[in-house]
Amino acid sequence: MKTGRFWAWLVFAIGTAYFFIPLIATFEFSLRMRRGVYSFDAYRVVLGDSRFQETFAYSVTVAVFTILLGVLLVVPTAYWIRLRMPHLRPVVEFITLLPLVIPAIVIVFGYIRMYGSNSPLPFLGTARGTDALLVIGYATLALPYMYRAVDTGLRTIDVRTLTEAAQILGAGWTTIIARVILPNVLIAVLSGAFLTFAIVIGEFTLASLLNRPAFGPYLQNIGANRAYEPAALAVIAFAITWGCMSVIQILARFAPKSANRPN
Amino acid sequence: MADPFLSIQNVKKSFGNVAVVKDFNLDVGAGEFVSFLGPSGCGKTTMLRIVAGFEEPSAGKVFVGGKDVTGLKPNQRHIGMVFQAYALFPNLTVAQNIGFGLKVAGMPRAEADARIAEMLNIIKLPDFGDRYPYQLSGGQQQRIALARALAPKPKLLLLDEPLSALDAKVRLSLREEIRAIQKKLGITTIFVTHDQEEALSMSDRIVVMNEGRADQTGTPFEIYNRPSTKFVANFVGTLNVLEGTISDAASGTVTINAEEIGLKGKLNGSKAGDTLSLALRPEAISLGRKAGNDSNLTGQIADVHFLGSVIRVRVGVGQSVVSLDTFNSPNSPPPVVGEKTEISFSSGDVLVLH
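Quick caveat: nothing in here was measured; it's all calculated off a predicted structure.

**Details of the overall build of chain A**
For chain A, the helix and strand inventory stands at 12 helices and zero strands. Reading chain A from its N terminus to its C terminus gives the helix and strand order α-α-α-α-α-α-α-α-α-α-α-α. When the backbone C-alpha atoms are referred to their principal axes, chain A occupies close to 75 × 70 × 30 Å. Considering chain A as a whole, with its 263 residues, one finds that 39% of them fall into the buried category. In chain A, once contacts between residues fewer than 6 apart in sequence are set aside, the share between residues at least 24 apart is 74%.

Here is the structure:
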């Protein structure tokens with residue numbers, strides 16, 4: 001028993017070291033900008049950089065629109081598949097997994113062919129059009145995470161009976177989704193939303209090839225040209241991701257409790 | 001029935017090649033409590049879902065209050081329904097659950113609040129408005145579900161095995177409560193159950209369903225005492241079945257295990273030599289000869305179960321075993337297994353199953 005415990009702790013310690021040492025090293029390096037003393041100069045430079053603020057604000061805006069699009073697309077789809085077309089679930093799951101195996105660059109070249117300046121739908125001819133395509137592309141990239149999160153949420157409630165109970169009380173589809181289904185899978189939707197946020201904030205390929213002022217290309221640019229600032233940016237990016245994960249954990253506590261699964 | 005409130009006419013329903021409901025007809029009067037009783041897979045829930053609008057009939061029509069509702073969606077029918085699995089909305093409080101239908105209907109807030117309070121009083125849970133479903137017991141949840149269904153004053157109430165998920169004690173008290181509320185509000189109700197005791201104790205009329213058809217429709221008294229088919233006789237209540245052979249059709253004499261009994265007027269055109277299944281309820285049989293019973297058979301005590309106030313005795317009569325109950329009497333000991341005995345009954349109580 002004691003030996004088993006020792007090995008368990010050893011494995012845990014190795015895992016922790018594997019995860020934290022590079023992070024601590026990066027953080028330590030980011031503090032060395034001023035010669036001989038630790039300082040937050042690198043952070044001050046990064047946070048004070050107008051390009052940081054612009055690109056970060058741009059990516060946050062794009063992330064919000066991506067989340068909205070993802071929710072509007074995925075929640076009704078996953079709900080309808082569970083309610084009326086459960087036989088199509090494997091097909092839809094396969095489709096939602098495709099972004100994991102098809103590289104983002106394929107989407108970009110598809111965009112250029114379909115929506116270039118000389119095409120009948122010249123979305124890429126304007127900044128707003130390109131932004132719209134970027135949001136759609138990001139929604140596609142986040143699909144595996146968003147769909148799975150929402151589908152898992154739907155699995156915890158009796159979708160069919162709740163829908164029928166609402167229907168017989170006079171509710172239409174909009175009311176059913178807005179007042180019965182969405183509130184009961186809200187935590188799952190938020191999980192998907194924060195995963196989407198984390199993906200969009202750091203994404204490079206789509207933003208770079210579509211030439212949009214996003215945070216990902218900025219990170220790459222700083223990384224290629226500076227010494228200490230990239231380390232500070234990496235730590236900031238980690239903090240943002242961890243912040244998102246913490247928010248998911250906190251919100252999970254407020255999830256509506258099912259009578260059958262009170263805890 | 002002059003003007004039925006609910007009329008189900010020639011309804012059929014198939015899923016692929018499987019016919020689940022086969023030519024179902026029923027008229028239900030206003031304020032009537034009708035139960036659909038039958039085993040699993042007999043089509044009773046499908047029929048209820050057709051009335052609710054969740055399933056579209058393959059053929060036939062459903063009328064509510066004289067209006068054809070066959071093509072209407074569930075949210076256009078103004079029907080209340082209680083589900084087996086409660087189906088309370090977990091994210092809403094009890095008051096919000098009860099008020100859901102009222103809000104959807106656009107009822108002003110003050111009026112809706114008053115109605116919610118009224119419903120909470122009717123189900124005797126006046127202080128539960130702020131609780132969430134997960135904080136309630138199964139019985140309480142089902143009462144809330146009933147209040148939610150009744151709050152918008154529906155034309156018709158559908159109960160889909162609402163007591164099945166509850167324990168025996170709660171089930172008993174809740175069925176009395178449901179019936180009392182239904183009588184008080186005078187709402188036309190269809191109740192689906194596979195529990196004969198529930199159906200017999202609650203209903204004005206029972207529809208016994210078998211393989212998608214209504215085998216018999218009648219009052220609980222009629223269904224129990226005058227079953228029209230072998231299935232109804234077997235499904236409702238306990239039944240002893242004795243096999244007999246007609247020895248003289250004209251005089252109605254039937255031989256059971258080399259003994260004769262008279263069943264004049266009950267043989268329905270059968271002829272001598274035909275075999276018949278004769279059914280008797282346990283309460284129609286007495287141990288030993290009894291005044292008023294015109295038929296006797298001899299047998300042997302096969303089993304005795306002492307249940308306190310009642311003694312359940314099983315008597316072997318030829319190849320059959322007959323079950324009967326006698327009241328316990330402190331002055332006379334229970335019968336002994338292996339003992340020779342006589343059973344008696346009135347020929348009027350014999351059901352001839354064709």
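That was the structure; now back to the text.
**Some thoughts on the domain arrangement of chain B**
Residues and elements named next belong to chain B. On domain assignment, one finds that chain B holds domain 1 (6-235) and domain 2 (240-353). Contact with domain 1, which involves eight residues of that partner, is made by six residues of domain 2. Its largest share of buried area at the contact with domain 2, domain 1 owes to Tyr224, Lys230 and Ala233, together 70% of the area lost on that side. Taken together, the connections running from domain 1 to domain 2 amount to two residue pairs in polar contact (both at pLDDT 80 or more). Only α7 (220-225) and α8 (230-235) provide two or more residues apiece to the side of domain 1 that touches domain 2. Taken together, the residues that form the side of domain 1 that touches domain 2 break down as four nonpolar, three polar and one charged.

**Quick word on the interface of chain B and chain A**
Counting residues at the interface gives 24 residues for chain B and 22 residues for chain A. Interface area for chain B against chain A, summed over the two sides, is near 2,200 Å², with a carbon-plus-sulfur share of 67%. Among the residues chain B hides against chain A, the three largest losses belong to Pro90, Phe100 and Tyr134 of chain B. Together they make up 27% of the total. The salt bridge involving glutamate 164 of chain A is made with arginine 49 of chain B; its shortest N-O contact spans 2.6 Å. In this assembly, chain B and chain A are joined by five residue pairs in polar contact (both at pLDDT 80 or more). Within the residue set of the side of chain B that touches chain A, elements represented by two or more residues are α1 (44-52), β6 (79-82), α2 (94-104) and α4 (138-150) of chain B.

**Comments concerning the pattern of salt bridges**
Residue and element names in this part refer to chain A. Scanning the model with the defined rule gives 26 salt bridges over all chains in all. Across the pair aspartate 41 and arginine 34 runs a salt bridge, and its minimum N-O distance is 2.9 Å. Through salt bridges with shared partners, a single ionic network connects Arg82, Arg89, Glu93, Asp151 and Arg155.

**Examining the sheet that holds strand β8 (residues 188-193) of chain B**
Two pairing modes exist for strands in a sheet, parallel and antiparallel, and in both the strands are linked by backbone hydrogen bonds. Residues and elements named next belong to chain B. Taken in spatial order, the six strands of this open sheet run β6-β7-β8-β3-β9-β10, and their pairing is mixed. Each of the sheet's edge strands pairs with one partner strand only, and the pair in question is β6 and β10 (213-218). Geometrically, the sheet is characterised by an average inter-axis angle of 20° between neighbouring strands, direction not taken into account. Pairing geometry for β6 and strand β7 (residues 156-160), over four bridges, is parallel. Along β7, the bridge assignment pairs valine 82 with leucine 159. Where α1 meets the sheet, it contacts β3 (33-37), β6, β7, β8 and β9 (205-210), and its direction lies at approximately 150° from that of β7.

**Side note on the environment of serine 208 of chain A**
Residue and element names in this part refer to chain A. Checked against the element boundaries, serine 208 lands in helix α10 (residues 205-209). Judged by its relative accessible area of 28%, serine 208 is partly exposed. Taking the C-alpha atoms as reference points, serine 208 and valine 108, separated by 100 residues in sequence, lie 9.9 Å from one another.

Definitions and limits used
- Residues numbered from 1 in each chain as written.
- Chains lettered and ligands numbered in written order.
- Predicted model: local features only at pLDDT ≥ 70, side-chain atom pairs only at ≥ 80, totals over all residues.
- Heavy atoms only, no water.
- Helix = DSSP H or I, 4+ residues; strand = E, 2+ residues; numbered from the N terminus.
- Buried < 20%, exposed > 50% of the residue type's maximum accessible area, 1.4 Å probe, protein only.
- Contact = heavy atoms within 4.5 Å.
- Domains from an automatic or database assignment.
- Buried area = accessible area lost by both parts, 1.4 Å probe.
- Polar contact = N/O pair within 3.5 Å; in protein donor to acceptor, adjacent residues only side chain to side chain.
- Nonpolar A, V, L, I, M, F, W, Y, C, P; charged D, E, K, R; others polar.
- Salt bridge = Lys/Arg side-chain N within 4 Å of Asp/Glu carboxyl O.
- Pairing = 2+ DSSP bridges.
- Axes fitted to C-alpha atoms, helices over the stretch in contact; angles between N-to-C directions.

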